[in-house]
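Residue strings, one per chain:
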Amino acid sequence: RFLISTIAFGLLLVALVVLIIIPSYREIRVINEQVMEERLRLEKLYTQGQLQKAVQQNYESIKRDIVFLDEVMLNENEELSYITAVERAAQASGVSLDLAIGENTRTPETRFSELSFTLTARGDWEQLVRFVERLESLPYYTNISEMTASVRDGEPGSARHAAMTMRAATYWRIPTIQ
């Protein structure tokens, strides 16, 4: 009788392990794998969300810069207003100015064109400095790539008179075709 109850208890214990514990263990392992997969998916989404937030912030700052660039770059074929502004800066500074316009380089894929200039200004040193200051304070972007200054010999008081040659470029928006 004791043997029969021990065998019955053993069989009941084996049935309990086989029918309840092993399937539950498998189910727990599957659920654990699903939780880990969901965790990885959520971490990936979180990273993408953070990246999207950073991209959005960069876009907002670039959008503000675009407004600034639109203000400092004229539309293509509006060179006369730029040249007039440079000549007014020279006149206000008291220097004589020779302006040579270079080749227009058009790059449509970047939506701007570049126009190079050679500016030769003559006057005394203070006038030349004022001219450069006024040129830099124009509301248009001017990239001065080279600047040379020389004393003008053979004139009375030539120690104060000089000539300054600048190679510069300015950029123009190419209108978009819509």
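What comes next concerns the included structure. (Residues numbered from 1 in each chain as written. Predicted model: local features only at pLDDT ≥ 70, side-chain atom pairs only at ≥ 80, totals over all residues. Heavy atoms only, no water.)

1. A few points about the pattern of salt bridges
Here's step 1: All told, the structure shown has four salt bridges when counted by the stated rule.
Here's step 2: Arg 39 is paired through a salt bridge with Glu 43; the nearest N and O atoms lie 3.3 Å apart. Of this pair, Arg 39 and Glu 43 are both found in helix H1 (residues 2-72), four residues apart, which corresponds to roughly one turn of the helix.
Here's step 3: Linking Arg 167 and Glu 146 is a salt bridge whose minimum nitrogen-to-oxygen distance equals 3.7 Å. Pair noted here: Arg 167 is in strand E5 (residues 161-173) and Glu 146 is in strand E4 (residues 142-151), with a separation of 21 residues, a long-range link. (Salt bridge = Lys/Arg side-chain N within 4 Å of Asp/Glu carboxyl O. Helix = DSSP H or I, 4+ residues; strand = E, 2+ residues; numbered from the N terminus.)

2. Notes on helix H3 (residues 125-136)
Here's step 1: In this model, H3 (twelve residues) spans 17 Å end to end at C-alpha, consistent with the 16 Å of a helix rising 1.5 Å per residue.
Here's step 2: Every buried residue of H3 is listed here: Gln 127, Leu 128, Phe 131, Val 132 and Leu 135. What you see down the axis of H3 is that its buried residues fit within an arc of 140°, all on one side. (Expected span 1.5 Å × (residues − 1). Buried < 20%, exposed > 50% of the residue type's maximum accessible area, 1.4 Å probe, protein only. Arc of directions from axis to C-beta.)

3. A look at the packing of aromatic side chains
Here's step 1: Evaluation of the coordinates by the stated rule reveals three aromatic pairs.
Here's step 2: Between Tyr 82 and Tyr 140, the aromatic rings sit 5.9 Å apart at their centres with planes inclined by 65°, giving edge-to-face as the arrangement. Taken together, the residues span a long stretch of sequence, with Tyr 82 in helix H2 (residues 79-93) and Tyr 140 in the loop between H3 and E4 at a distance of 58 residues. In this structure, Tyr 82 and Tyr 140 share a single accessibility class: buried. (Phe/Tyr/Trp six-rings, centres within 6.5 Å; stacked < 30°, edge-to-face > 60°.)

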